[in-house]
Amino acid sequence: MNNKGAVSIEAAISFPLFLFTMLALILITETHTVRGIVYEGAVETAEYMAEYAYLTDSFEEASAMDYPMAMLRFREYVDSDALLDKYVVGGVSGVSFLGSSFPDDEGYIDLYITYYIHINAPFIGAFKHKVTEHIRQRAYLGANFRDGGEEGDDNDRYVYVAENGVVYHDTRNCTYLMPSISSDTLSSALASGYDKCKYCSPPTNSVVFITEEGECYHTSISCSRLKRTVSRKKLSEVNLPPCSKCSH
């Protein structure tokens with residue numbers, strides 16, 4: 001009888017803990033997915049605004065339609081309104097591009113994204129977290145805009161470089177620039193051969209973040225190795241080797 005009572009007590013304690021852990025993993029995965037959706041939509045918006053800057057010739061003076069146009073395109077590029085409505089304060093309309101330049105005085109689209117994620121966590125309650133992203137994209141203002149260079153030179157073609165990157169990329173869609181990120185337990189990540197990211201702080205809980213292409217696990221979803229600021233530059237301006245995956 002005593003053993004049966006002990007088992008019942010253990011079950012009464014362990015089951016809520018297991019349930020809480022599973023709900024926490026679901027929340028972490030979904031909120032991370034939201035951040036990925038917003039980031040990818042913003043990347044496509046920056047690309048569009050780079051082309052739009054050429055059409056409007058807005059380098060000298062930003063057009064009054066730049067900000068509304070960016071927000072309109074962002075709403076079109078966002079893949080899942082339902083998740084944003086669930087987790088982002090204000091839904092798609094709660095994502096702000098205030099402070100962005102279309103382009104700035106150096107000829108770059110500087111996209112600053114700000115929004116709040118709100119979470120109703122079991123046993124903890126409701127709270128919200130501010131998220132900020134920065135995307136820097138060279139505006140398409142013509143090959144001769146800055147240095148009068150001749151078109152057709154391979155060194156004048158544009159490539160993509162991530163912040164702290166060690167290679168350049170021929171395409172922004174390279175999986176090394178936009179990796180597929182998933183959450184995992186620390187023990188599982190170690191068992192799969194992942195090492196600790198040297199840019200992250202030591203783990204404080206059992207949940208870490210990994211990518212299929214990566215070799216390290218990350219303790220912070222905001223690690224620069226997971227979310228990268230991507231710049232578009234001329235090849236002649238880049239002193240890096242090509243990416244083995246997307247460059248030829």
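Just so it is clear, the model here is predicted, and its values are computed rather than measured.

Thresholds, definitions, all that
Residues numbered from 1 in each chain as written. Predicted model: local features only at pLDDT ≥ 70, side-chain atom pairs only at ≥ 80, totals over all residues. Heavy atoms only, no water. Helix = DSSP H or I, 4+ residues; strand = E, 2+ residues; numbered from the N terminus. Buried < 20%, exposed > 50% of the residue type's maximum accessible area, 1.4 Å probe, protein only. Areas by Shrake-Rupley, 256 points an atom, 1.4 Å probe, with all protein chains shown as cover. Salt bridge = Lys/Arg side-chain N within 4 Å of Asp/Glu carboxyl O. Phe/Tyr/Trp six-rings, centres within 6.5 Å; stacked < 30°, edge-to-face > 60°. Pairing = 2+ DSSP bridges.

Asker: Outline the overall build of the protein, supporting the account with residue identities and numerical values.
Answerer: Of regular secondary structure, the protein possesses four helices and eight strands. Helices and strands appear in the protein in the N-to-C order α-α-α-β-β-β-β-α-β-β-β-β. Here the protein holds 248 residues, and the buried ones make up 41% of them. When the accessible area of the protein is evaluated, it comes to approximately 13,900 Å², of which 54% is carbon and sulfur surface.

Asker: I'd like a description of the pattern of salt bridges, backed by residues and values.
Answerer: With the rule as written, the count across this model stands at five salt bridges. Here Glu76 ties to Arg73 by a salt bridge, and the two come within 2.9 Å at their closest N and O atoms. Of this pair, Glu76 and Arg73 both sit in helix α2 (residues 66–77), three residues apart, which is roughly one turn of the helix. In this structure, Arg136 engages Asp110 in a salt bridge whose closest nitrogen and oxygen atoms are separated by 2.8 Å. Taken together, the residues Arg136 in strand β2 (residues 125–138) and Asp110 in strand β1 (residues 108–121) connect sequence positions 26 residues apart.

Asker: Account for the packing of aromatic side chains, with residues named and values stated.
Answerer: Under the criterion given, the structure shown has one aromatic pair. Both rings, one in Phe74 and one in Phe97, keep their centres 5.3 Å apart while their planes meet at 70 degrees; by these two values the pair is edge-to-face. Here Phe97 lies in the loop between α3 (81–87) and β1 and Phe74 lies in helix α2, a separation of 23 residues in the sequence. Assessed through its relative accessible area of 0%, Phe74 is described here as buried.

Asker: Please give an account of the pairing of strand β8 (residues 230–234) that cites residues and values.
Answerer: Counted residue by residue, β8 has four buried out of five residues, so it is predominantly covered. Relative to β8, strand β3 (residues 158–162) runs antiparallel, the two sharing five bridges. Bridge pairing in β8 places Ala162 opposite Val230.

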